[in-house]
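# A closer look at the structure
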Amino acid sequence: MSTHGKRTIVISNGTLIDGTGNSPARNEAIVIQGNRIKSTGRLPGDIKLEDRDNVEVINAAGQWIMPGLIDAHTHLSYGNPKLPGEARGKGTTRPEFNTLRAARNAQQVLRSGVTSISVPGGTWFTDVAVRDAIKVGLIDGPRVYCASRMIVTYGSIEDEEPSWVGTPEHSIGVLANTAAEMVTEVRRQCKHGVDFIKMADSRSGEAQTISKEEIAAVVSEAHRHNVRVAIHSRGSASTRAAAEAGVDWIMHTDLATEADLEAVAKAGVRIVPTATFVERVLEFGREVGQDQIQISIDRMKRNMEGLVNVLQRALALGIKIMCGTDTGNYSWMPYGKMHAKEAEIFVRYGGYTPLEAITACTRDNAFAVGLENEVGVLEAGKLADLIILKQNPVADIRVLQESSNLATVIKDGKKVDLADHVSEEAPLTFQEAVA
Ligand SMILES: [Zn+2]
């Protein structure tokens, strides 16, 4: 659990990376009162470090202080790893067990220095429940901004069953084959408290499965409810249609052409390339071979080339890119391990400086969690979500991927207990436990 600390926390000394893109700078003090940052820079005269009853001092000398990481693409409730007896595809037939597991997944995410996540899709309204349990303080976890089951048509990703079966209640897709059906689903999800609607086109960009008019109908309905819209789109035509229909952000965009990207730039739509997932498919595919993996490795090689082009062109065209990883999408996308892998990819392939990649993971990603101007930047008035690192992430961006580099995580003005008290006890597998 979070420590219920003193009224004021002062982080003294250290190098501040404020998330705005400013160069790292020596900092005297960050003062946190309640759940907000009161000041950075000089220590205000009215704060007495000797007042140990009311002031907790964290000495960050020789360390780096930056905003808490934000992952713009993490799934908590996809039901991985699969439980015994569950069918193929994603989702779960054990929603209650899966909800508890989603809560634990969220805790692992927070302990890795990720203080906010955007959750584009899951089972039932599991993520809404986890979000609210965190919000009211029942459990620890990052700030969660979430969708529910993704809206799909025949032929979209996650429409896994024959048409006479459809998408069962326990799957992560929900079929809607007309604009009217989609609008009804948007209303249903809004009624149950989602922050945004997730739509999904074809799995790898093989065909466009949702029309521009249908996307526009969803956008119009969702926006009237003050709910945003994101879409899974790897293809060219679907990406162009999504941009022109006014979605809030597009996930993937692998096969977007120059003309598509110009349309995205013109519409001012953000993208979450999620190259981490594709890179992981290629890496994992090499390890285990094509037979063990449901995704075409050859196709993903082509998509990775597309993504590298997208990253480079987005910089040139001024498209805002957000950092997401697809953690939780498969059991080989574990929690707490790769939330900053995307930043490394931005630097390695995209032509970003480490500082630009950090800004993408913090200030720019705040949009994906509906908290632009509230998190992702360390300055007076912002919510107090930050991490303190033992190594310099500007010298080596990979520093952000290793939890052992974390000295301190503060979320909502409270220090996070970084010890994983459960995994130290090596929990039984589900099979062992219920045998
Ligand atoms: Zn995803």
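Residues numbered from 1 in each chain as written. Predicted model: local features only at pLDDT ≥ 70, side-chain atom pairs only at ≥ 80, totals over all residues. Heavy atoms only, no water.

A separate point is the overall build of the protein chain. Looking only at helices and strands, the protein chain has 11 helices and 19 strands in total. Over its C-alpha atoms the protein chain spans a radius of gyration of 21 Å, differing by no more than 12% from the 22 Å that the globule rule assigns to 435 residues. Its C-alpha atoms give the protein chain principal-axis dimensions of about 70 × 55 × 45 Å. Per-residue burial for the protein chain yields a buried fraction of 57% across its 435 residues. (Helix = DSSP H or I, 4+ residues; strand = E, 2+ residues; numbered from the N terminus. Rg over C-alpha atoms; globule rule 2.2 N^0.38 Å. Buried < 20%, exposed > 50% of the residue type's maximum accessible area, 1.4 Å probe, protein only.)

The next point concerns the sheet that holds strand β18 (residues 406-411). A sheet is described by the order of its strands in space; here 6 strands give the open sequence β3-β2-β7-β17-β18-β19, paired in mixed fashion. Each edge of the open sheet is held by one strand with a lone partner, namely β3 (25-26) and β19 (414-415). Across 4 bridges, strand β17 (residues 386-389) lies against β18 in antiparallel orientation. Pairing of I388 across the sheet is with T408, part of β18. (Pairing = 2+ DSSP bridges.)

This part takes up the pairing of strand β13 (residues 196-200). Within β13, 5 of the 5 residues are buried, which leaves it mostly tucked inside the rest of the structure. Side chains F196, K198 and A200 of β13 all project onto a buried face; the interleaved residues I197 and M199 project onto the opposite face, where all are buried too. As paired strands, β13 and strand β14 (residues 228-233) are joined by 5 bridges and run parallel to one another. Note on β14: the bridge partner recorded for I197 is V229. In this fold, β13 hands off to helix α4 (residues 212-224), which returns the chain to β14; that crossover is right-handed. (Right-handed = clockwise from strand over helix to strand, strands pointing away.)

It is worth spelling out the sheet that holds strand β6 (residues 55-59) at this point. Within a sheet, neighbouring strands are paired by backbone hydrogen bonds and run either parallel or antiparallel to one another. The 4 strands are arranged β5-β4-β1-β6 in an open sheet whose pairing can be described as mixed. The open sheet has two edge strands, β5 (36-39) and β6, and neither has a second partner. Pairwise comparison of adjacent strand axes, ignoring direction, gives a mean angle of 30 degrees for this sheet. Bridging between strand β1 (residues 8-12) and strand β4 (residues 29-33) involves 5 bridges; their strand directions are antiparallel. (Axes fitted to C-alpha atoms, helices over the stretch in contact; angles between N-to-C directions.)

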